Amino acid sequence: MITLKINGQTVQIEKGATILAAAEKTGIRIPTLCYLKKVSPTGACRICVVDVKGAEKPMASCHTPAEEGMEVTTESPRLRKIRKQVIELLLVNHPLDCPVCDAAGECELQNICYEHDVTAQPFVAEDVNAATITGWPLIEQVPNRCVMCEKCVKVCHEVVGADALCVNLKGDRAFIDKNLAKCEFCGNCVQVCPTGTMISKPFKFQARGWELTKVASTCTSCGSQCQIDLNVKNNRLFRVTSDEGTINDGNLCFNGFFGSDYVHSSLRLTAPLLKSGNRQRSVDWDEALNAAATALQSGKVAGIAGNRLTNEEAFLFQHLFRQGLGCNDFDSESRFGIQRAYDLLQTHFGMQGGTAGLGRIANAAAVLVIGADPTAEAPAVDWLTQQACRKNDGKMIVVNARTVKLSQYANVPMTCRPGSEGIVAGALARLILDQGLADSGWLAANVANLEELRAALAGVNIDQAADACGVSRELLEEAADHLGRAPSVAIVLGGDIYRESQFSGTIGAILNLALISGALQGEVGGLYPIGAGANSQGLLKMGVSSDLLPGGQKASISGRDLGEILAAIENGEVRTLFVAGANPLAFPESGRWQKALAQLDSLIVQDCLASELTDMAQIVLPGVTFVEKSGTVTSSAHKLSPLAAAIDPVGSARPDQQILADLLARIAPAAVLDPEQLAAEVARCSVISAPFPILRVAPMPLAEPLPSPVLLAGKDLYYAAATNSASAASHVVVPGGYIAINPIDAAGLSVKDGEKLRVTSKQGILEGPVQVLATVPVGVCFVPYNCADVNVQAILPSFGSNTETVALSKA
Amino acid sequence: MSQVVFSSWGRKVVDHRVSGGDADLASLKLKLSDTYLEQGKVGAFFGWDGIVVLDRATDVVAMAAEYMTRVQEKYCCAKCTPGKRGTRILQDTLTRIVNGQGQEADLDTIETVADLLQSCKCTLCMTSVVPVLDTVRHYRPDYLAYIRGERTLPAAKAYKEKLTAPCMDRCPAHIDIPAYIEEIKNYRFDDSLGAIRRNMPIPAVCGRVCPHPCEKACRRALVDEPISIMVLKRVAADHEWMHHKQPPMVAKAPTGKKVIVVGAGPAGLTCAFYLALEGHKVKIIDMLGEPGGTVAVGIPDYRMPRPLLRRDAEIIASLGVEIEYGVKLGRDVSLKQLKEDYDAVFLGTGAFKSKPMGVEGEDAGYEGFSPGGIHYLRAVALGEPIVTPKRVIVVGGGNTAIDCVRVALREGCEDSILVYRRTRKEMPAEPYEVDDAEEENVQFEFLRNPTRLIAENNKVVGVEVVVMALGEPDASGRRSPKPVPGSEYVIPCDLVIPAIGQDPDLDYLGPEDFGIKMTKWSSIVTKGGTMMTDCAGVFAGGDCEYGAMTVVVAVGHGRRAARAMHRYLSEGKAYLDDEDAMEDIVNNFGAFDPNENIGIIGHLHREHQPKINGAERAKNYDELELAMPESQAVREAERCLRCYRVGMVSVS
């Protein structure tokens, strides 16, 4: 700690802190404009200047470290004059369009002018500002409103790591420009802009800032669950914002900032529907609920829940089946995703999901990102990984079948063959052990069957492994060295891992690597399965699974899981299916599902958006989006967060919790829970289980990767969730599905960007426009999930893999 | 010598406009050329510390307007409010005056805005007001004449300006140091390396073993300590390979011109790099079996790991440069032949001949007498079968001498003794290297000079030394040592290595070799900053041109030569362009004032890279200095004051 004086007041602050931080601590306000805590100091505006005894020139308090014995003055006639004149300079050629400026009322330049009594414009200069940039998707840039604080540039580069924005040109002509190819449309530039320079096109001219009510809630775009404010007026969501100081430090991704426009999509279901003959008609709720209750009690029933349900809804869903219908034949869409990691973590480590608290990633000395593209699967994990490795000197190792965004920041970027991540993990564990870099004392004290692991790893041949996964031995050794030497390790695994055909061996190998590398030791780093849907973790904890009890423990008796439900529909053992917030037509082997669903007596769909699925349904119960309902959700890192009903449901849609409660009341009045009881159940189920005192090594049988060419399905940021199909913003950025291949393969197939490509697998044929991308390796074709127009699930094998050997041809 | 009509340089006003008298530049300690290339006379110089007017007819008002226009439109980074807007207002105000639309109140505006520019983030715009204010204050009647529409002075033929900074100017390769430091501050390590590579293609080397003269001209030192400029360069260079990134450079389309570069040392590699980027087909020949020249075989691996040196060379080769090893000019190929086979020749043959000590017995062919430090280091580096005995004496006080005593330790010697005729303070070696040697238990015999080798059975057993006493300072400022009569004694040893300097070996220059001239120090003469010898098409640089000097001087030569060679190859004439000429003019003028009052408060310590400590390290060749963590590098970069400034001459 150091001691200094500010305006005569003594203040103590940690060494290295700035004068501005010291002043803030004392409660002395120094005006700022370009200062943004979460990025490196810019010192652009010069408004925060102070006088320091001993210095003739004024010093910018935002980037001058405080020093022992320093004497600082923050207010004087000289400083006031400098600040006022600097503001006057800022106003030279600043347009007087405040009345129609999007930032009006929220403009820091307005505020600072007001505060400093800037009422005249003594300076003049030729107006050489660049013209307004209207050609970018979703974001507009108005250069003459810019104060060149570079907050947008810095947040884009230092926090998001997109590095799309830059200062272009010199002198007064300088303006913020963008490399569109790098933009992630996260809107953080809009959020940090102190003026109306960077503005959101969808929000432009829609509402005045001061008219909007900010309702604190939680983003449900992915399992990270960032804290957000829903900006609403007249029962309409106008925009989503987030404040600094939240767990996500005010940062949002594309889906957080722009993606929730589906809330007011024309695809919203606004009234219950009943099908008679081939036609659906609007009915009142009683009729629909009665019909649904009757169908559910027909005896041959099963259920599928999606991760858009809240904890309360999830609890009620399983409660309806278990207590109301006495049926265990229900499952969630996590079955062929995150639940695979969940099950193995529970079996071997006693952990119900990953390590608690994403923030621990930010200080890890090494981060391994394996089979994951955090940018699309959990953007907050992307930012935290960058924080650990770009700002806090951590070492980043990225193992992926494609070049993903984080690869550019990796110390060791490894492009492995699709499906070979487990082999990489096994090789890394073996190398760490061989080089004596594992903490043998900790392993001996905390792992039960270490010898089994040693024996399994003894069978790993590094050169063979390197050959099999297509990564050099040198890279494996370098990665092992980083992981082995790091005092704290975070391991991030994603969708590519859970969807490997041999997922249990792959997950096992990663779990074992977590033991060997020390990821489970200490208070920093950890093991983070990502890529789940909004509330997947909550669904598993509430027991929405054929084989998990409320609380998330393994059930002794299991019902039909997703695969068995499909088979049972096909053979007529299930005649009624209740689907809440999920879409089996977007499950693997979607064609088989399509046929099966058509055979049902009753397909009951509870959802907020119309789709092919709701078109097929006999009964449609219109639920609501996260903006219209309250309840809680659980993040992949175990944080329980509230949702706030910020607007009324659209049309006559009802909150899903109410729909489920109404069904329960009709089916089993005795099982009805009052709100307190439900809250208590959710709280009981949400308790984070302690890991086993002694951990167990997981078996890790590993298969050879598939022969090329391989189809690889994965998440695309702009189609990360099913709701993106109803998002206008998603379609602006990426107009639809695509099939991405390497330029060399494109040349071999004589296809160019935009031309049609045909992908043939055992399951079927898929056609779509080609995107030629160097980030996709030779011999691989990448197709994103969730694009209805290029539905990759139609040609993927059922209940398993995101990879499949295919044939490619020009269509 | 040129006469000064008016000068405000260094805040000292010398005004001979009315008196009609004048003062010459030398008396004002100003080193300003009075001509600009072959284009005309220098009328005036405008810069960060005032104006110097040589030609009475210079229109200083028009020049001020032009100066401010160029600062604003070409150099102002726009990244602080006063700089971005303030210089624009000044530009517009001055332009208005020159266009006859000014008012007297405009002069007050200039004063007001200039004052506000003292709050700028860096010194570029801040210093740009200095010459402008000087004109407003000392040439007010000229301004008023313009405002009244009476101005008639002739326009200058041309203005030439140059962005510089004290560090950048002092760097022999003129790297844009503030730029690469700022990129590090902004976490843009690739861009930082890009800025470095504009002037220097071997950053892994110069990030490690550069004597960093730039840090002697760092203004931060005037408030606390200089920036770790060299280490930050290493951070940028290391970031690339530490992240398995490929360098982004791409050579231009082939020109069809062929160039031969003799010597794969820093000068040759640099020259090859910039020529290859221009699309010329470059081949390098080198007498050694690996790239780097003196850096490879004269700098031990614990200071400069050769794999990184090789990586820098491989990057250059990847641009299409062919390197053939084991070919020595004069032995395997003649200059005449090269001249015939190629469109241009660059000689970067280094300085590999050790200077003799001039003591009795050194020519006797004793066993245990090394021909020189550079030979010893090379033999060790190349893994030649030499045995280093238990007791070694190295004579000399430079970096080579220090390298020799430390390498001897690593080669198994027990007593490694450095004999130097002056004291530690006068040693030309870098002080930190002397400290490092001491930490490794090197023994120092200061104020001792060898007088005789002592041999038994034709084998060295000791050196007779005489005690020296320091006398008066000589021309270099160092006190010259004088022997104390009768003080001779013998230091026993098994091996003596003289390391008192090297000369170029220019035996390959025969009498028929096209009239290339040599200096009396047996280095090659080049002309007018183009690095071209007296033979058209043959260029030279580095140690063979300058005498044994530093890596960064060689890099500077290599780059300048490449620029001149490119013009020679494409236009048939080797000449300096405006950038080169202004680089030299500014360099001559000097951009660092060690007495400047910076006016801010310092107190931030320089960051140092971590290091392996203790004598134990002298048992292997592992690199001693470890990579500076990037967060620490960013913190260090934040100390940079970004001391940019713009100098401009008018040509009349």
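Everything below is about the structure shown above.
Criteria and cut-off values
Residues numbered from 1 in each chain as written. Chains lettered and ligands numbered in written order. Predicted model: local features only at pLDDT ≥ 70, side-chain atom pairs only at ≥ 80, totals over all residues. Helix = DSSP H or I, 4+ residues; strand = E, 2+ residues; numbered from the N terminus. Rg over C-alpha atoms; globule rule 2.2 N^0.38 Å. Buried ≥ 20, exposed ≤ 12 C-beta atoms within 10 Å, placed from the backbone. Contact = placed C-beta atoms within 7 Å. Core = buried A, V, L, I, M, F, W, Y, C linked by C-beta atoms within 7 Å. Pairing = 2+ DSSP bridges. Axes fitted to C-alpha atoms, helices over the stretch in contact; angles between N-to-C directions.

J.: Hey, could you run me through the overall build of chain A in this one?
T.: What chain A contains, in helices and strands, is 26 helices and 33 strands. Scaling as 2.2 N^0.38, a compact globule of 811 residues should have a C-alpha radius of gyration of about 28 Å, and chain A matches this with 28 Å. On the principal axes, the C-alpha backbone points of chain A span a range of 85 × 70 × 60 Å. Burial analysis of chain A (811 residues in total) assigns 59% to the buried set. Within chain A, contacts between residues at least 6 apart in sequence are counted, and of these 74% link residues at least 24 apart.

J.: Looking at this structure, I do not really get the nonpolar core. What am I missing?
T.: A general trend in soluble globular proteins is that nonpolar side chains are found buried together. One finds A:Leu428, A:Ile491, B:Phe539 and B:Met565 to be the most contacted residues of the largest nonpolar core, which totals 495 residues. By residue number, the principal contributor to this core is helix H19 (residues 551–571) of chain B, which donates 11 residues.

J.: Hey, could you run me through the sheet that holds strand S21 (residues 495–498) of chain B in this one?
T.: All names here are of chain B. Here we have 4 strands laid out as an open sheet, ordered S16-S15-S14-S21, and parallel in their pairing. In the strand order of this sheet, the two ends are held by strand S16 (443–446) and S21, each with one partner. The average undirected angle you get between the axes of adjacent strands in this sheet is 20°. Examined bridge by bridge, strand S14 (residues 391–395) and strand S15 (residues 415–420) share 5 bridges and lie parallel to one another. For Val 394, the partnering residue across the bridge sits in S15 and is Leu 418.

J.: So what exactly am I meant to see when it comes to the pairing of strand S18 (residues 459–473) of chain B here?
T.: The side chains of a regular strand alternate, residue by residue, between the two faces of the sheet. Residues and elements named next belong to chain B. In this structure, strand S17 (residues 448–456) lies alongside S18, joined through 8 bridges in antiparallel fashion. Bridging across to S18, Arg 452 finds its partner in Glu 464. Here S17 folds back onto S18 in antiparallel fashion, the turn holding 2 residues, of which Asn 457 has a positive phi close to 50°. As judged from the 4 bridges shared by S18 and strand S20 (residues 489–492), these two strands associate in the antiparallel manner. Note on S20: the bridge partner recorded for Val 465 is Tyr 489. As paired elements, S18 and strand S19 (residues 479–483) share 4 bridges and run antiparallel to each other. Looking at S19, one finds that Pro 473 is bridged to Arg 479. Hairpin remark: S18 followed by S19, antiparallel, with 5 residues in the connecting loop; positive phi at Gly 477, about 95°.

J.: Which parts of the structure should I look at to understand the sheet that holds strand S12 (residues 344–347) of chain B?
T.: The pairing of strands in a sheet happens through backbone hydrogen bonds and is either parallel or antiparallel. Residue and element names in this part refer to chain B. Sheet architecture is open: 5 strands sit in the order S11-S10-S9-S12-S23, paired in parallel fashion. The open sheet is flanked by strand S11 (322–325) and strand S23 (538–540), the only strands paired with a single partner. Here the average twist between neighbouring strands, direction ignored, is 20°. As paired elements, strand S9 (residues 258–262) and strand S10 (residues 281–286) share 5 bridges and run parallel to each other.

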